Each structure stands twice: as C-alpha cells, then as structure tokens.
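Each chain, letter by letter, is given below.
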Amino acid sequence: MTKEYNVTLIPGDGIGQEISAATQRVIAATGVKINWEVQEAGADVIEKFGTPLPETVLKSIRKNKVALKGPLTTPIGAGFRSVNVALRKELDLYACVRPCKSIAGVKSHYRDIDLVVVRENTEDLYAGVEYPGGSPEADEIIKQAKGKIRPGAAISIKPISREGSCQIVDFAFTYALKHKRKKVTAVTKANIMKYTDGLFLAVAREISRKYPQLEYEERLVDNMCMQLVQKPELYDVLVLPNLYGDIISDLGAGLVGGLGVAPGANFGQNSAVFEAVHGSAPKYKGQNKVNPVALILSGALLLDYLGEKEKSEQLYNAVIKVIAEKKAVTYDLGGTAGTSQMADEIIKKIKE
Ligand code: NAD
C-alpha cells in the first residue's frame, strides 16, 4: 500500500499562493501521496483570527510534525513582529539549514558552489527583546551601562545561551556527517562580543572535539563575507548565530544566482518546517511571474525528510533539467515563462 503523509501547508501571502500551488503540483507528480492540511497565517488573517499566527496553525504543525510554508510579510518598523520568527520560536525550530549549490544555467559569477549555512534560529538579536528609546527598560539598561550608551538610545538585547549554542553546533556537525561533508566553520564576531559570540565560539570548539573525523575552523563574520566572495570553494558547512546566519544565507543565495533558487528548512526536536529563503515579494503578487524553484526545492528537502529520498532526487533533477534547458524559465532566470508554466515543465520532466 502506498504510504500517505499528513503535512501542514501555510501558503503564505504575497507570491505565496502561486508558488505553493506550483509546489503542491510538482510534488503530486512525483507520486508521493501527501494530505495537505492548509493553514492560514500572516497579515491577511489578523482580522479573522485576531492574530497573524493562530493557535490552529501551531497545533496542526505539532500534530503533523512537518510543514511546507510560503513566505509571510513582516511590516517594517511598526505593526506585529515577524510571524516567521514567532513560528520558529513557538515550535523551537532551532536550526535553519540553507543549502547553496550552483545550478547549471542559473546566471552567476560563480560556479561549483556547494555550501550549507546552518543558522541558529531562536536566540541572538531575533529574540524580540527590544526597547524603544526613552522607555523605562531602555533607560535602566543605559544607567547600568555607566556611560557606554548614549542617553535615549533604543536597545536590543542579544541573548546567546550555552544550551542554544550546543544545540545548533551539534546539529551542524551531525548534519555534516550525515551528508558526507568534510568541514564545519564556526562564524562569529567573538573578538568584539566576548561574552555572547565568545560563548558560541567556546561551545563550537568544545563540540568540534567530539567529531575528529570532520575538519573544524573558525572565521570572524566580516572576514567570512570577504572570503565567501573571493574563495567560496574553500567552505563547506557554516554554523552561525542567528543574525550572521540570516545575512550570510542571502550572500550564499547570491553566490548561486539569487533568491529564486534558494531553498531552506527549519528543524526542531519534534518538527520541521520547509520554506524558501526569499520573502513574499509583494510587488509580484498575483502576476504568475515569480520563480517557484526555491519553494519547489524546499519541497524536495521535505520529501527527503519524509524518507522519500529517491523522489526527492527525482524532483531535484527535474528542476535542474528545466533550468539547464532554459526553455520554460521565469524572468529572473532570463526567460519569459510564468510560475505555473515553469511548474508544468518540471512536471513533464518528472514524468519522462
Ligand atoms: P523578498 O525576498 O520578498 O523579495 C526581494 C526581491 O527578490 C523581489 O522584489 C524580487 O525581485 C526577488 N525575488 C524574491 N523571490 C523571488 C522569486 N521567487 N522569483 C523571482 N524573484 C524573486 O524580500 P523583501 O522584499 O525584503 O521582503 C518582502 C517581505 O517578505 C517582507 O515583509 C519580509 O519581511 C518578508 N520575508 C519573509 C520571509 C519568510 O517568510 N521566511 C523571508 C524574507 C522576507
């Protein structure tokens, strides 16, 4: 009997609906049977549920233990905090994995890039502990800082714990072993942030000793940016605290030709959520224009996670072929095809 999987689907907003529909169709073409439990989240549902992240969404993911998620818009400056960040925190999806692998046919200044960014997902400056300038909390911290902070400054807190650091660094080494990688590089700014990044680095050093079969090295994040631009081939798996991980993953996406082809996944002890690196690109909403590949490749990672390795590879290879042929690709890859036409072509390749 064919196995069936229950998977939560959050289509998201902006371009989310279009790319989620495309991804559902290509996954169906692989023959893997998925019962999609569709859940709404984001700005569009606030009126209906009173929150951008209804409890039903979390309940569904906790039950199914796996989800595919389209992008969700976060208003800049004012309004609610990021639903993406809240989701990762609520489900303790502590590890964000973003593979950056060159794809033949995707325009890039670089070739043969094969990096994996492992980003801590729950701590650091994304913890959401931030105080506006002039607030009693900010003023109290300024008082304690004894002249190191200008009066009236807004304050953001950067928590880095031993437990959180252990979890993510151990995840990076385990991932490296499982995926037959050779080297893990810990990336921090520990020379400046001696207690926070310093702790992350100390933990990375400790844990690296448990994995003598893997090479281990360290870089400061500013130098890492330059190294990735100049000699990315030297790097393999990178493990970073949240903020640097966020920035370096976009840099990695840039090395392989842009956000349209960059997949991602978030892992916790009990659940996993798969999503593209890119956001909701609101200006392209409803135009059937954007590239569905980043979410489709996130779907391939999801199949692999479900244990459908062969189908995952089949999907990945179909995407690679369609991009290499350049016959039916979206604008960002130099073509004129729409989102759904590109998905149709990928389906054709799966069925060939
Ligand atoms: P974005 O990734 O949405 O878009 C930036 C630009 O990249 C787009 O204008 C477009 O030119 C290009 N692009 C993105 N995805 C593409 C695709 N699939 N195909 C072709 N081109 C693509 O980044 P942004 O404009 O900074 O963010 C828009 C919103 O998305 C913000 O509210 C942001 O907070 C949110 N966001 C959400 C997530 C998430 O849900 N995980 C991630 C990043 C940003």
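Residues numbered from 1 in each chain as written. Predicted model: local features only at pLDDT ≥ 70, side-chain atom pairs only at ≥ 80, totals over all residues. Heavy atoms only, no water.

Engineer: What is the right way to look at the domain arrangement of the protein in this model?
Structural biologist: By convention, interface size is frequently given as the accessible area that disappears when the constituent parts associate. For the protein, the assigned domains are domain 1 (1-108 + 258-352), domain 2 (124-156) and domain 3 (160-255). A straight line from the C-alpha centre of domain 2 to that of domain 3 covers 28 Å. (Domains from an automatic or database assignment.)

Engineer: I would appreciate a short explanation of the packing of helix α10 (residues 293-306) against helix α11 (residues 309-325) in the present structure.
Structural biologist: For any two helices packed against each other, one specifies the crossing angle of their axes together with the interaxial distance. Put simply, α10 and α11 touch, their axes get as near as 7 Å, and they point 160° apart. As judged from the angle between their axes, α10 and α11 are roughly antiparallel. For the crossing formed where α10 meets α11, the hand is left-handed. Across from Val293, Ile296, Leu297, Gly299, Ala300, Leu303 and Asp304 in α10, the residues of α11 making contact are Lys309, Lys311, Ser312, Leu315, Tyr316, Val319 and Ile323. Classifying every residue of the contact of α10 with α11 gives nine nonpolar, two polar and three charged. (Axes fitted to C-alpha atoms, helices over the stretch in contact; angles between N-to-C directions. Helix = DSSP H or I, 4+ residues; strand = E, 2+ residues; numbered from the N terminus. Parallel < 35°, antiparallel > 145°, perpendicular 65-115°, else oblique. Left-handed = near helix turned anticlockwise from the far one by under 90°. Contact = heavy atoms within 4.5 Å. Nonpolar A, V, L, I, M, F, W, Y, C, P; charged D, E, K, R; others polar.)

Engineer: Any chance you could explain unusual backbone geometry here in plain terms?
Structural biologist: Glycine aside, a negative phi is what most residues show, and trans is what most peptide bonds show. Residues other than glycine seldom take positive phi values, yet Lys65 does so here, at roughly 70°. Take Lys65: its relative accessible area is 44%, and that puts it in the partly exposed class. Despite not being glycine, Asp112 has its phi angle at roughly 60°, a positive value. Here Asp112 is to be found in the loop between β4 (95-101) and β5 (114-120). According to the relative accessible area criterion, Asp112 is exposed, its value standing at 67%. (Buried < 20%, exposed > 50% of the residue type's maximum accessible area, 1.4 Å probe, protein only.)

Engineer: Got a minute to help me understand α11 in this structure?
Structural biologist: Residues lying three or four places apart along an α-helix face the same way, a consequence of the helix completing one turn every 3.6 residues. Over its 17 residues, α11 extends 24 Å from the first C-alpha to the last, a length consistent with the 24 Å expected when each residue adds 1.5 Å. When we look at burial in α11, the residues that qualify are Ser312, Leu315, Ala318, Val319, Val322 and Ile323. One side of α11 holds all its buried residues, which, seen down the axis, span an arc of 130°. Facing away from the buried surface of α11 by more than 90 degrees, the exposed residues are Lys309 and Glu310. At its buried positions, α11 is contacted by α1 (16-29), α10 and α12 (339-351). Positive phi shows up at Lys326, right after α11, with a value of about 60°. (Expected span 1.5 Å × (residues − 1). Arc of directions from axis to C-beta.)

Engineer: I would appreciate a short explanation of the pattern of salt bridges in the present structure.
Structural biologist: Between side chains of opposite charge, a pair can form when the charged atoms approach closely. Here the structure, examined in full by the defined rule, presents 26 salt bridges. One salt bridge in this structure joins Asp344 and Arg25, with 2.8 Å as the shortest N-O distance. Taken as a pair, Asp344 in helix α12 and Arg25 in helix α1 lie far apart in primary sequence, 319 residues in all. By relative accessible area, which is 34% here, Asp344 ends up partly exposed. A salt bridge links Asp114 to Arg181, with the nearest nitrogen and oxygen atoms 2.8 Å apart. One end of the pair, Asp114, is in strand β5; the other, Arg181, is in the loop between α6 (162-178) and β8 (183-188), and 67 residues separate them in sequence. Look at Asp114 and you get partly exposed, because its relative accessible area is 32%. (Salt bridge = Lys/Arg side-chain N within 4 Å of Asp/Glu carboxyl O.)

Engineer: Looking at this model, I keep getting lost on the pairing of strand β12 (residues 272-276). Mind explaining?
Structural biologist: A regular strand places its side chains on the two faces of the sheet in alternate fashion. Most of β12 sits inside the fold, with five of its five residues counted as buried. Sheet topology note: the strand β3 (residues 66-69)/β12 ladder contains four bridges and is parallel. Looking across to β12, one finds that Val66 is bridged to Ala272. Examined bridge by bridge, strand β11 (residues 263-267) and β12 share five bridges and lie antiparallel to one another. (Pairing = 2+ DSSP bridges.)

Engineer: Where do I start with the site of the ligand in this structure?
Structural biologist: Near the ligand you find 21 residues, and of these Leu72, Thr74, Gly279, Ala281 and Tyr331 are the closest. Thr74 places a main-chain nitrogen or oxygen 2.7 Å from an oxygen atom of the ligand. Glu275 places a polar side-chain atom, nitrogen or oxygen, 3.0 Å from a nitrogen atom of the ligand. Here the ligand, which alone exposes 810 Å², has 70% of that area covered by the protein. (Near = heavy atom within 4 Å. Polar contact = N/O pair within 3.5 Å; in protein donor to acceptor, adjacent residues only side chain to side chain. Areas by Shrake-Rupley, 256 points an atom, 1.4 Å probe, with all protein chains shown as cover.)

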